[in-house]
Amino acid sequence: MESDVKFLPIRKGLLEFLLLKIISADKVYVADILGRLEGTVFATQEGTLYPLLSKMRREDLVDYEWQESGAGPPRKYYRLTAKGRTQLAGLNDYWREINRTIQKLER
Amino acid sequence: MNKVTTVNLNGRAYQVEEQAYEALRAYLDEAARLLADDPDCREIMADLEQAIGDRGARRLGAGKNVLGEAEMKRILEEMGPVETGEPAAGAAPGAGAQAKADADAAPRETSGPKRLYLVREGEMIAGVCNGLAAYFGVDPTIVRLVFVLLLFLSGGLVAIAYLVLMFVVPTAKTAEERAAARGLPFNAQELVEQAKQHYADLKDSHQRWRDRRRHKRERAFWRSGEKRACKEPQSRPFERPQPGYGARVAAGIALPVTSAISAVLTVAAVFAGASFLTTGAIFGWSPPLDVPPWAALLALIAAYALVAAPLRAVRYASYEALGPRRGWFVFWDGVLWLALVILAWWIAANFVPGVSEFFRHLFHDWL
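Just so you know, these numbers come straight off a predicted model, no measurement behind them.

Peer 1: Can you walk me through the overall build of chain A in this structure?
Peer 2: Looking only at helices and strands, chain A has 5 helices and 2 strands in total. Written out in order from the N terminus, the α and β elements of chain A read α-α-α-α-β-β-α. When burial is assessed residue by residue, chain A has 50% of its 107 residues classed as buried. The contacts in chain A between residues at least 6 apart in sequence include a share of 50% that link residues at least 24 apart. By element, 55% of the accessible surface of chain A is carried by carbon and sulfur atoms, the whole surface being about 5600 Å².

Written as structure tokens, this is what we have:
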């Protein structure tokens, strides 16, 4: 439980990275994203996700479009912008760097 | 037995019990309070209402049309508290792109005080002059006149510089960037990053243009929501209401006409000043002897400002009316303005008496 608390800020910071990853795979809407994260240590709720996605859209990392859904009201489908893809590539590299460092220290 | 209230969640009506309403109200009020400073406050509120509504709808059905307190509490628990905390500072905008480049270097502050940006508010072509003006803290008109003058003296080389800047300098999109446009020069690394970015954007622009059209629908969608404690969003271009068709046509006509007039007027004013300084007369007309030259010059500038002000007002109003996707139109309008300035300049330099002398003096004395 202690590590859970210690890693709280790291999890928060990584969430944006994970969102970029999830969105890069496919056009997704919020329930998809929540579903992908559910059951992981990154489980997130709408109260966190909407403000974060909004911020990412303002930074031009993601964009969305409305799509009619069969039953309910139209849904926002998110996808990455060119800038989002560039940022994801950069974060992926950085993440690998972090992993290498940790592995080196474990040896 | 409990009293039932109807609530409007992002445009849809739901029946909820009084206590459920209280819980909902408390959640949304708290959310609005936390989001009050977020530029997308209203949109996020609409998203949250929508999500609550969707969760509610899943719990309702043929045999059940009212949400109770316990269910509402459960829904709100699933929604989770609203978190606005900016993620760790390392995740600031642009950090990703840089991460590769300077993985072990200290993080560069992206909110540095002053940077060169293209400024797209009231730009003529791409906002280069406007951005330079913001950067140096002078009036854009002065930068444009200097630009046109340099264009002549350099024989067009400056136009290439303009094109390079247009491609390489980022556009100030957010309020922070627009503020930064006025306040460190960017480094070569970033120049290369930006050029790559612009190229990628260019490839992406068609798709994005199509999506922007969808944004419009979305706007209508969440604007219909109930007003909460959200602050009015700051002037972000695409949140303004879309003007009607008539207004846009009028703007489409007014823009080139006012460009033409203002171009001729600008050149006329510059040359009136030039001819006055060299010959002591404004296009052949000498001010009365008891008026000192500086007063006559001031009067000339005042007269120009007086005539130009309404024209400028019409131009800006037209930009507004054309809405956020005025891009190409404004580009060609800028080209027209530049062409007219050059034409008027050429005519004046060759055929207007005071001005041709001024140029002869200029080239003779300085060059």
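There's plenty left to go through after this.
Peer 1: In this structure, what is going on with the confidence of the model for chain A? I would like to understand it.
Peer 2: For any part of a model where pLDDT is low, the fine detail of the predicted coordinates should not be relied upon. The predicted model of chain A has a mean per-residue pLDDT of 87, with 96% of residues at 70 or higher. Of all helices and strands in chain A, the one with the weakest mean pLDDT is helix α1 (residues 2–6) of chain A (76), whereas helix α5 (residues 82–106) of chain A scores best (92).

Peer 1: Got a minute to help me understand the packing of helix α4 (residues 46–58) of chain A against helix α2 (residues 41–59) of chain B in this structure?
Peer 2: Between two packed helices, the angle of one axis relative to the other and the distance separating the axes together describe the packing. In contact at an axis separation of 10 Å, α4(A) and α2(B) are set at 145 degrees when each is read in the N-to-C sense. By crossing handedness, the relation of α4(A) to α2(B) is classed as right-handed. Residue-level contacts link E46(A), G47(A), Y50(A), P51(A), S54(A) and R57(A) of α4(A) to E43(B), I44(B), D47(B), L48(B), A51(B) and R55(B) of α2(B). Taken together, the residues that form the contact of α4(A) with α2(B) break down as 5 nonpolar, 2 polar and 5 charged.

Peer 1: Please explain the environment of E320(B) as it appears in this structure.
Peer 2: Residues and elements named next belong to chain B. Within the secondary structure, E320 is located in helix α11 (residues 293–322). Here E320 falls in the partly exposed class, since its relative accessible area comes to 42%. In this structure the C-alpha to C-alpha distance between E320 and A251, which are 69 residues apart in sequence, comes to 8.7 Å.

Peer 1: I would appreciate a short explanation of the pattern of salt bridges in the present structure.
Peer 2: Side chains that differ in sign of charge can pair as their charged atoms come close. Taken as a whole and judged by the stated rule, the model has 22 salt bridges over all chains. E16(A) is the salt-bridge partner of K55(A), the closest N and O atoms lying 3.2 Å from each other. Taken together, the residues K55(A) in helix α4 and E16(A) in helix α2 (residues 8–25) connect sequence positions 39 residues apart. Of the two residues, K55(A) and E16(A), both sit in the buried class. The salt bridge partner of E69(B) is K73(B), with a shortest N-O separation of 3.0 Å. You can see E69(B) and its partner K73(B) sitting in helix α3 (residues 69–79), 4 residues apart, about one turn around the helix. We classify E69(B) as partly exposed; its relative accessible area is 29%. The class of K73(B) is partly exposed, set by a relative accessible area of 44%. Taken together, the shared-partner salt bridges connect R57(A), R58(A), K76(A), D38(B), D40(B), E43(B) and D47(B) into one network.

Peer 1: When you look at α4(A) in this model, what are you seeing that I'm missing?
Peer 2: Side chains that are three or four residues apart share a direction in an α-helix, a result of its 3.6 residues per turn. All names here are of chain A. With 13 residues, α4 extends 18 Å between its outermost C-alpha atoms, agreeing within 8% with the 18 Å of an ideal straight helix rising 1.5 Å per residue. By the criterion of burial, α4 is predominantly enclosed, with 12 of the 13 residues buried. Those residues of α4 that fall on the buried side of the exposure criterion are E46, G47, T48, L49, Y50, P51, L52, L53, S54, K55, M56 and R57. A positive backbone phi angle near 65 degrees is found at D60, which sits one or two residues after α4.

Peer 1: Even after reading the chapter, I still don't get a nonpolar patch on the surface, so can you show me in this structure?
Peer 2: All names here are of chain B. Nonpolar side chains collect at one region of the surface, where F136, V138, I142, V146, L149, L150, F152, L153 and I342 lie side by side and expose about 760 Å² of accessible area between them. Among the elements that make up the nonpolar patch, the one with the highest residue count is helix α6 (residues 140–153) (6 residues). Classification of I342 by relative accessible area gives partly exposed; the value is 30%.

Peer 1: Help me out: how do you make sense of the nonpolar core in this one?
Peer 2: In globular proteins that are soluble, nonpolar side chains generally tend to be buried together. Formed by 50 residues in total, the largest nonpolar core has its most connected members in I33(A), L48(B), I52(B) and M72(B). With residues near it in sequence (within four places) discarded, I33(A) still touches L19(A), I22(A), I23(A), V28(A), L49(A) and L53(A). Counting 28 residues, the second-largest nonpolar core is a separate cluster that includes A126(B), Y135(B), F271(B) and A344(B).

Peer 1: Explanation requested: the packing of aromatic side chains in the structure shown.
Peer 2: For any pair of aromatic rings, the description rests on two quantities: the centre-to-centre distance and the angle between the ring planes. Residues and elements named next belong to chain A. In the structure shown here, the tally under the stated rule is 4 aromatic pairs over all chains. Here the aromatic cluster, defined as three or more aromatic residues joined through ring pairs, consists of Y64, W66 and Y78. One Lys or Arg, K76, reaches over the ring of Y64 and ends 4.6 Å from the middle of that ring.

Peer 1: Help me understand α2(B) in this model?
Peer 2: Over its 19 residues, α2(B) extends 27 Å from the first C-alpha to the last, a length consistent with the 27 Å expected when each residue adds 1.5 Å. Counting buried positions along α2(B) yields 15 of 19 residues, so the element is predominantly enclosed.

Peer 1: Just checking my understanding: could you explain the environment of L336(B) for this structure?
Peer 2: All names here are of chain B. Secondary-structure assignment places L336 in helix α12 (residues 327–351). On the basis of relative accessibility, which here comes to 33%, the residue L336 falls in the partly exposed class. In the structure, L336 is positioned 73 residues away from A263 in sequence and 8.9 Å away in space, judged by C-alpha atoms. Other than its neighbours up to four places away in sequence, L336 contacts P256 and S259.

Peer 1: Mind showing me how you'd approach the pairing of strand β1 (residues 62–67) of chain A here?
Peer 2: In summary, the side chains of a regular strand alternate between the two faces of the sheet. Residue and element names in this part refer to chain A. Within β1, 5 of the 6 residues are buried, which leaves the element mostly enclosed by the surrounding structure. Looking at chain direction, β1 and strand β2 (residues 75–80) are connected through 6 bridges and run antiparallel. Its bridge partner being in β2, D63 is matched across the sheet by R79.

Peer 1: When you look at the environment of D32(A) in this model, what are you seeing that I'm missing?
Peer 2: All names here are of chain A. Relative to the helices and strands, D32 is located in helix α3 (residues 30–37). Looking at D32, the relative accessible area reads 30%, which means it is partly exposed. For the pair D32 and Y77, spaced 45 residues apart in sequence, the C-alpha to C-alpha distance is 9.7 Å.

The rules we used
- Residues numbered from 1 in each chain as written.
- Chains lettered and ligands numbered in written order.
- Predicted model: local features only at pLDDT ≥ 70, side-chain atom pairs only at ≥ 80, totals over all residues.
- Heavy atoms only, no water.
- Helix = DSSP H or I, 4+ residues; strand = E, 2+ residues; numbered from the N terminus.
- Buried < 20%, exposed > 50% of the residue type's maximum accessible area, 1.4 Å probe, protein only.
- Contact = heavy atoms within 4.5 Å.
- Areas by Shrake-Rupley, 256 points an atom, 1.4 Å probe, with all protein chains shown as cover.
- pLDDT = per-residue confidence, 0-100.
- Axes fitted to C-alpha atoms, helices over the stretch in contact; angles between N-to-C directions.
- Left-handed = near helix turned anticlockwise from the far one by under 90°.
- Nonpolar A, V, L, I, M, F, W, Y, C, P; charged D, E, K, R; others polar.
- Salt bridge = Lys/Arg side-chain N within 4 Å of Asp/Glu carboxyl O.
- Expected span 1.5 Å × (residues − 1).
- Patch = residues over 30% accessible without salt bridge, like charges linked within 9 Å, V, L, I, M, F, W, Y side chains within 5 Å.
- Core = buried A, V, L, I, M, F, W, Y, C linked by side-chain atoms within 4.5 Å.
- Phe/Tyr/Trp six-rings, centres within 6.5 Å; stacked < 30°, edge-to-face > 60°.
- Lys NZ or Arg CZ within 6 Å of the ring centre and 35° of its normal.
- Pairing = 2+ DSSP bridges.

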